[in-house]
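# Report on the structure
Now for the letters of each chain:
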Amino acid sequence: MSHILTLPRLLRSTVYVTVFYSQHREREREREMKTFSYCFAVILFILSFGYHVGSSHPLSRPERRSLEIIIGGGGSTYPPPSPSPEYQDCPPPPPPPEPVCRPPSPPRPCRPPPASAFESPRLALVYPVIQRFRRTIKCDPHNITGTWEGADICHRYKGFSCDTVPKYNMKALAGVSFNNFNFGGDNLCLEGFLDELPDIAFFHANSNNFTGELPARIGDLPYLYELDLSNNKYTGEFPARVLQATRLTFVDLRYNQFSGCVPPQLFKLDLDVIFINNNKFIPQQLPDTIGSTPAVYISLANDHFTGQIPRTIGQASKTLVEILLLNNQLSGCLPYEIGFLNRATLFDVGQNRLTGPIPHSFGCLRRIQYLNLAENEFYGPIPEMVCTLPNLVNVSLSYNYFTQVGPECWKLIHRKVLDVRMNCILDLPYQRSAADCKAFFSKPRYCPDEKSLHIIPCKGTYDLPKEEESSDHPPSFTATPPQTYDALVPRGV
């Protein structure tokens with residue numbers, strides 16, 4: 001089942017696809033009936049001439065409702081914040097097998113449809129662009145391009161969607177959804193295709209074999225606000241041309257082979273979503289500009305970031321809801337400014353080299369539901385004010401060196417909300433050996449700014465939960481499944 005991001009901030013966009021989203025489901029049903037009738041007629045025609053027709057793989061195209069974004073065409077359920085001990089050293093599962101590559105069906109020799117056959121001049125304009133791109137595709141395992149014939153682009157061409165462009169008040173090609181099509185070819189690139197679709201609003205191409213550079217004129221597309229090129233074959237430096245597409249609100253470049261540095265300017269773009277996890281960037285520190293981002297969802301997991309988390313992160317408090325920094329090489333102590341993130345529901349820095357006590361400012365994260373600090377070198381007592389946060393669903397502090405839990409934290413342990421396995425807490429099962437704990441604490445441990453660990457930004461507004469909200473009882477709200485964990489899956493299943 002796909003996990004969907006709802007982004008209210010996209011309402012400010014001037015793109016015309018709102019109508020398209022609200023009407024899409026009805027058009028899908030009509031398209032299925034027309035496609036069935038068309039395919040049945042074609043089969044009867046070909047069989048009458050003694051030809052054999054091969055079967056194609058039916059693909060269900062993702063439904064898109066008003067202002068909803070499907071990550072990479074869908075993903076599996078989000079992973080738990082920390083692994084069970086028996087799976088701690090297991091290798092990751094093998095990737096799914098690649099579809100058998102077969103060449104696309106050759107287009108039937110015929111003249112291009114006359115301009116009058118198209119629903120609008122804007123569609124006639126993109127017809128030769130689509131056909132030129134079609135000829136560059138040498139691998140089409142699902143025979144998608146077999147549907148790219150004739151003048152009915154809006155209803156018969158798989159992977160394309162239309163809507164009314166307000167500037168011309170006529171139908172135009174509004175969206176491309178190539179997710180999981182596994183297109184391949186010799187240096188299959190987007191130059192001369194994406195930049196030649198003048199009315200495009202979203203371009204989704206997760207799990208294909210695109211390579212090369214992004215089009216030089218991508219910044220000239222007036223309506224493009226979503227770009228998903230995740231799980232492709234891109235290499236080289238971070239694509240600077242993305243920075244020129246200033247109308248984008250959604251950027252998904254995860255699961256490629258990008259190298260070099262992540263440009264600090266990325267976090268100054270007016271983006272709602274930044275997914276760049278699982279690339280091959282060189283070790284670098286998180287830029288201070290991360291505090292300037294208006295993003296709601298950020299995934300920087302598995303990207304070789306080093307050093308301390310910038311103190312500027314607290315400046316993202318007005319918008320940031322979920323952030324993934326897991327499995328990097330971050331070090332040092334947590335800045336107390338994290339406590340300013342009062343909208344955050346997910347904060348994940350698991351599997352790094354972070355150390356120090358948990359700052360008391362974490363008691364200000366009143367909306368936090370998922371907190372993962374597992375597999376680091378944190379130590380000291382677990383602050384009680386963290387365990388009294390009202391919306392906690394899963395808190396993983398396992399595989400650290402914590403030494404003490406109070407009565408509120410005990411309640412979360414009993415409810416299986418708080419995971420403190422493999423620490424140095426006396427009288428609890430599944431803890432580190434005395435020898436391991438002694439070896440760790442035999443070395444000096446300190447944070448450069450110890451006093452800041454006791455700062456509580458929300459002091460004066462912070463109160464212990466009322467009796468009816470005590471952590472003795474599960475929260476009464478319905479927890480929202482994390483969205484960014486889907487970004488850790490390269491493709492939909």
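Our subject is the structure that appears above.
## Overview of the pairing of strand β4 (residues 170-177)
Burial of β4 is extensive: six of the eight residues sit out of reach of the surface. When strand β3 (residues 160-165) meets β4, the two strands line up antiparallel, connected through six bridges. The partner of Ser 161 across the bridge, within β4, is Gly 175. A loop of four residues connects β3 with β4, the two strands running antiparallel in sequence, and Asn 169 in this loop sits at a positive phi of about 55°.

## With respect to the state of the cysteines
A full pass over the atoms with the stated rule returns five disulfides. What pairs with Cys 154 in a disulfide is Cys 162, and their sulfur atoms sit 2.2 Å apart. Measuring handedness by torsion sign, the sulfur bridge of Cys 154 and Cys 162 sits at about -100° and is left-handed. The residues Cys 154 and Cys 162 share a single accessibility class, namely buried. The disulfide that involves Cys 333 links it to Cys 447, with 1.9 Å between the sulfurs. With the S-S dihedral at roughly -90°, the linkage between Cys 333 and Cys 447 falls on the left-handed side. Residue Cys 333 is located in strand β15 (residues 329-333), and its partner Cys 447 is located in the segment after α6 (434-441); the two are separated by 114 residues in the primary sequence.

## A look at the sheet that holds strand β14 (residues 322-324)
Taken in spatial order, the 12 strands make up an open sheet running β3-β4-β5-β6-β8-β10-β12-β14-β16-β18-β20-β22, and their pairing is mixed. Across the chains shown, the open sheet's two edge strands, defined by having one partner strand only, are β3 and β22 (418-419). Pairing between β14 and strand β16 (residues 346-348): three bridges, direction parallel. Along β16, the bridge assignment pairs Glu 322 with Leu 346. Most of the contacts of helix α2 (residues 121-136) go to β4, to which it runs at about 35°, and overall it touches β3 and β4.

## Observations regarding the sheet that holds strand β17 (residues 353-356)
With respect to topology, six strands assemble into an open sheet ordered β11-β13-β15-β17-β19-β21, the strand pairing being parallel. Strand pairing shows two members of the sheet lacking a second neighbour, β11 (284-285) and β21 (401-404), which therefore form its edges. By the bridge criterion, three bridges tie strand β19 (residues 377-381) to β21 in an arrangement that is parallel. Bridge pairing in β21 places Gly 380 opposite Phe 402. Against the sheet, α6 engages β19 and β21, with an angle of about 105° to β21.

## With respect to the side chain of Thr 289
The topology assignment puts Thr 289 in the loop between β11 and β12 (297-299). Those residues in contact with Thr 289 that sit more than four places away from it in its chain are Pro 264, Phe 267 and Lys 268.

## Observations concerning the nonpolar core
When a protein is soluble and globular, its nonpolar side chains tend to lie buried together. Residues Trp 148, Phe 178, Phe 203 and Leu 266 are the most contacted members of the largest nonpolar core, which totals 97 residues. Elements with a contribution of two residues or more to this core: α2, α3 (153-156), β3, β4, α4 (384-387) and α5 (407-414). Broken down by element, this core gets its largest block of residues, six residues, from α2. With residues near it in sequence (within four places) discarded, Phe 203 still touches Val 176, Leu 190, Phe 193, Leu 194, Leu 224, Glu 226, Leu 227, Asp 228 and Leu 229.

## Some remarks on the pattern of salt bridges
Enumeration over the complete set of coordinates arrives at 12 salt bridges. Arg 134 is the salt-bridge partner of Glu 149, the closest N and O atoms lying 3.4 Å from each other. You can see Glu 149 sitting in the loop between α2 and α3 and its partner Arg 134 sitting in helix α2, a full 15 residues away along the chain. With respect to class, Glu 149 is no different from Arg 134; both count as buried. Salt-bridge contacts for Arg 445 lead to Glu 377; the nearest nitrogen and oxygen are separated by 3.9 Å. Of this pair, Arg 445 sits in the segment after α6 while Glu 377 is found in strand β19, placing the two residues 68 residues apart along the sequence. On the basis of relative accessible area, Arg 445 is assigned to the partly exposed category, the value being 30%.

## Structural notes on unusual backbone geometry
The phi dihedral of Asn 187 falls on the positive side, at around 55°, and the residue is not glycine. Examined against the element boundaries, Asn 187 turns out to sit in the loop between β4 and β5 (202-204). Residue classification places Asn 187 among the exposed positions, given a relative accessible area of 65%. Located in the positive-phi region is Tyr 399, a residue other than glycine, with phi close to 55°.

## With respect to the packing of aromatic side chains
How two aromatic rings sit relative to each other is set out by the distance from centre to centre and by the angle between their planes. For the structure on display, the rule yields 27 aromatic pairs. On the numbers, 5.9 Å between centres and 10° between planes, the contact of Tyr 234 with Phe 258 is stacked. Remark: Phe 258 occurs in strand β9 (residues 257-259) and Tyr 234 occurs in the loop between β6 (226-228) and β7 (235-237); sequence separation between them is 24 residues. As far as burial versus exposure is concerned, Tyr 234 and Phe 258 are alike and both buried. The structure contains a cluster of three or more aromatic residues connected by ring pairs, namely Phe 133, Trp 148, Tyr 157, Phe 160, Phe 178, Phe 181, Phe 183, Phe 193, Phe 203 and Phe 210. A cation over a ring is seen here: Arg 432 above Tyr 401, with NZ or CZ 4.1 Å from the ring centre.

## Quick notes on the environment of Cys 364
Turning to its location among the elements, Cys 364 is positioned in the loop between β17 and β18 (370-372). Taking relative accessible area as the criterion, Cys 364 reaches 4% and is therefore assigned buried. Sequence spacing of Cys 364 and Pro 457 is 93 residues, and the spatial spacing of their C-alpha atoms is 7.1 Å. Each residue touching Cys 364, except ones within four places of it in the same chain, is listed here: Gly 339, Ile 456, Pro 457 and Cys 458.

Rules behind the numbers
Residues numbered from 1 in each chain as written. Predicted model: local features only at pLDDT ≥ 70, side-chain atom pairs only at ≥ 80, totals over all residues. Heavy atoms only, no water. Buried < 20%, exposed > 50% of the residue type's maximum accessible area, 1.4 Å probe, protein only. Helix = DSSP H or I, 4+ residues; strand = E, 2+ residues; numbered from the N terminus. Pairing = 2+ DSSP bridges. Disulfide = S-S within 2.5 Å. Contact = heavy atoms within 4.5 Å. Axes fitted to C-alpha atoms, helices over the stretch in contact; angles between N-to-C directions. Core = buried A, V, L, I, M, F, W, Y, C linked by side-chain atoms within 4.5 Å. Salt bridge = Lys/Arg side-chain N within 4 Å of Asp/Glu carboxyl O. Phe/Tyr/Trp six-rings, centres within 6.5 Å; stacked < 30°, edge-to-face > 60°. Lys NZ or Arg CZ within 6 Å of the ring centre and 35° of its normal.

Honestly, it's all geometry; don't read function into it.
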